[in-house]
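Here is what each chain is made of, one letter per residue.
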Amino acid sequence: EDKVVQSPLSLVVHEGDTVTLNCSYEVTNFRSLLWYKQEKKAPTFLFMLTSSGIEKKSGRLSSILDKKELSSILNITATQTGDSAIYLCAGRGSYNTDKLIFGTGTRLQVFP
Amino acid sequence: DAGVIQSPRHEVTEMGQEVTLRCKPISGHDYLFWYRQTMMRGLELLIYFNNNVPIDDSGMPEDRFSAKMPNASFSTLKIQPSEPRDSAVYFCASSLGRGRETQYFGPGTRLLVL
């Protein structure tokens, strides 16, 4: 059965700290991995990664996939209180399906 | 673009009642997904449609759940009869599909079954 596992489940840091969130996947015919940020409402898209190994960056956030280790990390540098959210990772399998398998998320809390 | 629209945003009902959740996908998106999110199980895919046709409903918990997509701009998720364990946030998402597109989520419906 396909599965995505995230760690840690929860993280508490102070503003300015750097954090690394982890995601490991076991997805049949893996195609891509997506990261979402969920604050109080709906998940919003951050990055999509493939086995190409190309790092994606957006401001203080960056992410990369390690196809050998079947894992991905999401880095946030110089954290701010606005980064507090649940970060979700999802794996997508075969090209002919658009089904995403989500992990349970990492809850990040950033205190001033 | 208005994004994915869901209604109602909150629903409180009593056990045994029928609940209908509604979703309007982003115009032009031909894939629509229904998810359920709980603290215990995280975000789970219930069913998804392509061009109004159900493609994968393996996540639908049981016969009490049903989903329809009568046209490209509207879908419903119905629970009948509802039970307390159905309490969760239900999200609808849409995408252009083809395995390369991200899914865009609606604001969700928070359902509480008493």
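Scoring rules and cut-offs
Residues numbered from 1 in each chain as written. Chains lettered and ligands numbered in written order. Predicted model: local features only at pLDDT ≥ 70, side-chain atom pairs only at ≥ 80, totals over all residues. Heavy atoms only, no water. Helix = DSSP H or I, 4+ residues; strand = E, 2+ residues; numbered from the N terminus. Rg over C-alpha atoms; globule rule 2.2 N^0.38 Å. Buried < 20%, exposed > 50% of the residue type's maximum accessible area, 1.4 Å probe, protein only. Contact = heavy atoms within 4.5 Å. Areas by Shrake-Rupley, 256 points an atom, 1.4 Å probe, with all protein chains shown as cover. Lys, Arg positive; Asp, Glu negative; His and termini not counted. Charge placed at Lys NZ, Arg CZ, Asp CG, Glu CD. Pairing = 2+ DSSP bridges. Axes fitted to C-alpha atoms, helices over the stretch in contact; angles between N-to-C directions. Disulfide = S-S within 2.5 Å. Buried area = accessible area lost by both parts, 1.4 Å probe. Salt bridge = Lys/Arg side-chain N within 4 Å of Asp/Glu carboxyl O. Nonpolar A, V, L, I, M, F, W, Y, C, P; charged D, E, K, R; others polar.

A. Spatial organisation of the overall build of chain B. Within chain B, the regular secondary structure consists of 0 helices and 11 strands. Each helix and strand of chain B, ordered N terminal to C terminal, gives the series β-β-β-β-β-β-β-β-β-β-β. By the compact-globule yardstick of 13 Å for 114 residues, chain B fits well, its C-alpha radius of gyration being 13 Å. In terms of its C-alpha atoms, chain B occupies a principal-axis envelope of roughly 40 × 30 × 25 Å. The buried share among the 114 residues of chain B stands at 49%. Counting contacts in chain B only where the partners sit at least 6 residues apart, residues at least 24 apart contribute 54% of the total. As displayed, chain B offers around 5,600 Å² of accessible surface, 50% of which is attributable to carbon and sulfur atoms. For chain B, the distance from the average site of its 12 positive side-chain charges to the average site of its 13 negative ones is 4 Å.

B. Expanded view of the sheet that holds strand β1 (residues 5–7) of chain B. Residues and elements named next belong to chain B. Within the open sheet, the 4 strands sit side by side as β1-β3-β8-β7. Their pairing is antiparallel. The sheet is open, and its two edges are formed by β1 and β7 (65–71), each paired on a single side. Taken pair by pair, the neighbouring strands of this sheet meet at an average axis angle of 15 degrees, ignoring direction. The pairing of strand β3 (residues 19–24) with strand β8 (residues 74–79) spans 5 bridges and is antiparallel. Of the residues in β8, the one forming a bridge with C23 is S75.

C. The arrangement of the state of the cysteines in detail. All names here are of chain A. Inspection of every chain in the model, using the stated rule, returns 2 disulfides over all chains. Between C23 and C89 runs a disulfide, and the two sulfur atoms are separated by 1.8 Å. Here C23 and C89 share a disulfide; its torsion about the S-S bond, -60 degrees, makes the bridge left-handed. With C23 in strand β3 (residues 19–26) and C89 in strand β9 (residues 85–92), this residue pair connects regions lying 66 residues apart in the sequence.

D. Representation of unusual backbone geometry in the model. Of the consecutive residues S7 of chain A and P8 of chain A, the connecting peptide bond is found in the cis state with omega at -10 degrees. Mapped onto the elements of the fold, P8 of chain A is located in the loop between β1 (3–7) and β2 (10–14). For L70 of chain A, which is not glycine, the phi dihedral falls at a positive 50 degrees. In this structure, L70 of chain A sits in the loop between β7 (61–66) and β8 (71–76). Taking relative accessible area as the criterion, L70 of chain A reaches 38% and is therefore assigned partly exposed. The residue N51 of chain B is not glycine, and still its phi comes out positive at about 50 degrees.

E. Molecular detail of the interface of chain B and chain A. Tallying the contact residues gives 24 residues for chain B and 19 residues for chain A. Between chain B and chain A, a total of about 1,700 Å² is buried, with carbon and sulfur atoms accounting for 53% of that surface. Seen at the junction of chain B and chain A, the total is 1 salt bridge. Where the side of chain B that touches chain A is concerned, the elements lending two or more residues are β4 (31–38) and β5 (42–50) of chain B. A per-class count over the side of chain B that touches chain A returns 10 nonpolar, 8 polar and 6 charged.

So far we have only geometry, and geometry alone does not tell us how the molecule works.
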